[in-house]
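Residue strings, one per chain:
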Amino acid sequence: MANVAFYGGETVPLEMHKVRIVQKLSLPPVERRLEVINQAGNNTFLLQNADVFLDMLTDSGVNAMSDQQQAAMLVADDSYAGSATYTRLESKLRELFGMEWFLPTHQGRACEHILAKVLVTPGTVVPMNYHFTTTKAHITLCGGTVEELVTDAGLAVTSTLPFKGDMDIGKLTAVIAKHGADKIAFVRVESGTNLIGGQPVSLKNLAEVSAVCREHGIVLVMDASLLADNLYFNKTREDACKGMTIREITRAIADLCDVIYFSARKLGCARGGGICIRDRALYERMRGFVPLYEGFLTYGGMSVREMEALTVGLDETMDEDMINQGPQFIAYMVDELSKRGVPVITPAGGLGCHVDAKRFVDHIPQSQYPAGALAAALYIAGGIRGMERGTLSEQREPDGREVFANMELVRLAVPRRVFTLSQIKYAIDRLAWLHENRALIEGLIFYDEPEILRFFYGRLKPVSDWQERLVAKFRADLGDSL
Ligand SMILES: *Cc1c(COP(=O)(O)O)cnc(C)c1O
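Residues numbered from 1 in each chain as written. Predicted model: local features only at pLDDT ≥ 70, side-chain atom pairs only at ≥ 80, totals over all residues. Heavy atoms only, no water.

Along the chain, I445 falls in strand β13 (residues 444-448). Taking relative accessible area as the criterion, I445 reaches 35% and is therefore assigned partly exposed. Setting aside chain neighbours within four positions, we find I445 in contact with R459, L460, K461 and V463. (Helix = DSSP H or I, 4+ residues; strand = E, 2+ residues; numbered from the N terminus. Buried < 20%, exposed > 50% of the residue type's maximum accessible area, 1.4 Å probe, protein only. Contact = heavy atoms within 4.5 Å.)

What follows is about the domain arrangement of the chain. Looking at the assigned domains, one finds that the chain contains domain 1 (30-59 + 323-478) and domain 2 (67-321). Measuring from the centre of the C-alpha atoms in domain 1 to the corresponding centre in domain 2 gives 29 Å. The interface of domain 1 with domain 2 comprises 21 residues on the first partner and 29 residues on the second. Here domain 1 and domain 2 share an interface that buries about 2200 Å² over both sides, 54% of which is from carbon and sulfur atoms. For the pair domain 1 and domain 2, the interface holds one salt bridge. The closest approach of N and O atoms between R416 and D229, which form a salt bridge, is 3.0 Å. The tally of links between domain 1 and domain 2 comes to 13 residue pairs in polar contact (both at pLDDT 80 or more). Among the elements of the structure, α14 (325-339) and β9 (352-356) are those that each provide at least two residues to the side of domain 1 that touches domain 2. Partitioned by chemical class, the residues of the side of domain 1 that touches domain 2 number eight nonpolar, six polar and seven charged. (Domains from an automatic or database assignment. Buried area = accessible area lost by both parts, 1.4 Å probe. Salt bridge = Lys/Arg side-chain N within 4 Å of Asp/Glu carboxyl O. Polar contact = N/O pair within 3.5 Å; in protein donor to acceptor, adjacent residues only side chain to side chain. Nonpolar A, V, L, I, M, F, W, Y, C, P; charged D, E, K, R; others polar.)

This brings us to the pairing of strand β5 (residues 187-190). Burial along β5 is two-sided: the residues V187 and V189 and R188 and E190 are all buried. Bridging between β5 and strand β6 (residues 220-223) involves four bridges; their strand directions are parallel. Residue pairing across strands places R188 opposite V221, the latter belonging to β6. Note that the unit made of β5, helix α7 (residues 203-216) and β6 has a crossover that is right-handed. (Pairing = 2+ DSSP bridges. Right-handed = clockwise from strand over helix to strand, strands pointing away.)

Of all hydrophobic cores here, the largest spans 60 residues; its most connected members are M56, M333, I424, L434 and I441. With 10 residues, helix α16 (residues 370-382) is the single largest residue contributor to this core. Excluding residues that lie within four positions of it along the chain, M56 makes contacts with M333, I384, R385, G386, R411, L412, A413, V414, F419, I424 and A427. Listed in part, the 56 residues of the second largest apolar core include Y86, L93, F163 and V212. (Core = buried A, V, L, I, M, F, W, Y, C linked by side-chain atoms within 4.5 Å.)

With that settled, the discussion passes to helix α12 (residues 304-316). The terminal C-alpha atoms of α12, which comprises 13 residues, lie 18 Å apart, in line with the 18 Å expected from a rise of 1.5 Å per residue. Here the buried face of α12 lies against α2 (67-74), α3 (84-97), β2 (101-105), β7 (259-263) and α13 (320-323). (Expected span 1.5 Å × (residues − 1).)

Turning next to unusual backbone geometry. For the bond from S191 to G192, the omega torsion is -5°, close enough to zero to count as cis. Tracing the sequence through the fold places G192 in the loop between β5 and α7. Cis geometry is found at the peptide bond from T346 to P347, where omega equals -5°. Following the sequence through the fold, P347 ends up in the loop between α14 and β9. One non-glycine residue with positive phi stands out, namely R417, at about 65°. With respect to the helices and strands, the residue R417 is situated in the loop between β12 (409-413) and α17 (421-436). Given the relative accessible area of 16%, R417 is considered buried. Of note, the phi angle at L453 is positive, near 45°, even though the residue is not glycine. Here L453 falls in the partly exposed class, since its relative accessible area comes to 37%.

Per the counting criterion, the structure on display carries 33 salt bridges. In this structure, D78 engages R305 in a salt bridge whose closest nitrogen and oxygen atoms are separated by 3.8 Å. Here D78, found in the loop between α2 and α3, pairs with R305, found in helix α12; they are 227 residues apart in sequence, far enough to count as distant. Classification of R305 by relative accessible area gives partly exposed; the value is 40%. Among the salt bridges present, the one from D429 reaches R430, with a minimum N-O distance of 2.8 Å.

Moving on: the UniProt feature "domain: Aromatic amino acid beta-eliminating lyase/threonine aldolase" (unreviewed entry) in the chain. Taken from the UniProt record, the annotation "domain: Aromatic amino acid beta-eliminating lyase/threonine aldolase" (unreviewed entry) applies to residues 55-425. Secondary structure content for residues 55-425 is 42% helix and 13% strand, and the end C-alpha separation is 14 Å. (UniProt positions renumbered as here; feature names shortened; annotations may be inferred.)

Time to look at helix α8 (residues 227-237). The element α8 is extensively covered by neighbouring structure, given that nine of its 11 residues are classed as buried. Buried residues in α8 make contact with α3, α7, β6, α9 (246-255), α13 and α14.

This structure, assessed with the given rule, holds 13 aromatic pairs. Between the aromatic rings of F53 and Y426, the centroid separation amounts to 5.3 Å while the plane-to-plane angle is 85°, which identifies the pairing as edge-to-face. Placement of F53 in the loop between α1 (30-39) and β1 (54-55) and of Y426 in helix α17 is noted, with a sequence separation of 373 residues between them. In this structure, F53 and Y426 share a single accessibility class: buried. Ring geometry for Y80 versus F296: centroids 5.6 Å apart, planes at 25°, classification stacked. (Phe/Tyr/Trp six-rings, centres within 6.5 Å; stacked < 30°, edge-to-face > 60°.)

Attention now goes to the packing of α14 against α17. Where α14 meets α17, the axes come as close as 10 Å, and the angle between the chain directions of the two elements is 30°. One finds that α14 runs roughly parallel with respect to α17. Considering only the axes of α14 and α17, their crossing is right-handed. Contact residues: F329, Y332, M333, E336 and L337 in α14; L421, I424, K425, A427, I428 and L431 in α17. Looking at side-chain class alone, the contact of α14 with α17 contains nine nonpolar, no polar and two charged residues. (Axes fitted to C-alpha atoms, helices over the stretch in contact; angles between N-to-C directions. Parallel < 35°, antiparallel > 145°, perpendicular 65-115°, else oblique. Left-handed = near helix turned anticlockwise from the far one by under 90°.)

Structure follows, in structure tokens:
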């Protein structure tokens, strides 16, 4: 955001946009929230959006579009083949990434599907800084395995390291030596990282990864779904990037890669996705799968309206006033929560603010899902919907034993340009209240536990009447406020 000093001395992330279309929200009273979360089996995925005040579940497909994106959607050229809309998107990507070839898909995981189909064969290995759920599933489905090579320091919950998403180069060369370069399907860098708190990758680290890949003739693939946040961190945290424009940093990053794919539900604030490819032969190997799984080559499962919005959205991603909004709101939230003693992942990353449930409710055993319990409690306390990222999101061993997650997090996503600062302040306030009253929060147990993807559909109940006691304390402290 623009560097505007407040005379009062306060540091405030000032919005460099104004709101021109609004969606009405409702905040049901706390008693109703208690009822609703229990109807949803204490699973925030099962809440009806009409009952949610601040939806901080995800940043996927829910970022605000600009007036220019909306306007572009009206001039979309709807034709099966040879659409001018498609050509505009292709040229924009060529301009930004300098890669010759492009394949459109209907979303990010569809890119992963095609990449895995072409590059992963049984017994091959895909080293990466850190996996994303759908990435790992597609690689595993094709018989490959994932090696996670993020630096050990990247997994520390609290840190002052600016680039916790960096890959450990020593681990990378060791994995290549162990398996042999011909067994490496490709190397994947996710920038920024999703599951470890939106933490970024430095340009310097990417250059080192790229040098190792080029030395061994290994394809380097970047998952650029969260690149907008990463670019902001390159620009503000990395000395070598301080004098570069966002466009120049983007190009420097792209020049180090062979393939760049992305979810346009995040990058470019639209829908859809795509794969940019440097090498023609590799492009031709992938091309055949687009009509098979996605749609004809020039629409790839994306509507032309989304393509127009994406073309404009990608261009707007080169504007620092646009990409800084998410990270600066998140940093504000992380700083204010830290000041109030609420445990969060540090330093602030992209995507959202990650609350550390392991420390927040350290009296709840992992077998009773501390992060799930905290997410339910936060909905009760504020009508705020976060996402559990802990043991609940893991899968049991075949013999029924629980797999305890490394981190127990409640992710509070901050979709880009969606919330106002007073709403962020409200979330901080309710979290701080909950932290003061954390002794009241207890665990959850399943009463309906699906075998697959239990975090999406599973239903749980509280181990005691702790939620009623939490509501009573809320009334005692906040009177008849909602
Ligand atoms: C969301 C996401 C994906 C998957 O994209 P979808 O459009 O949801 O299929 C892949 N990688 C990363 C890093 C993501 O954040």
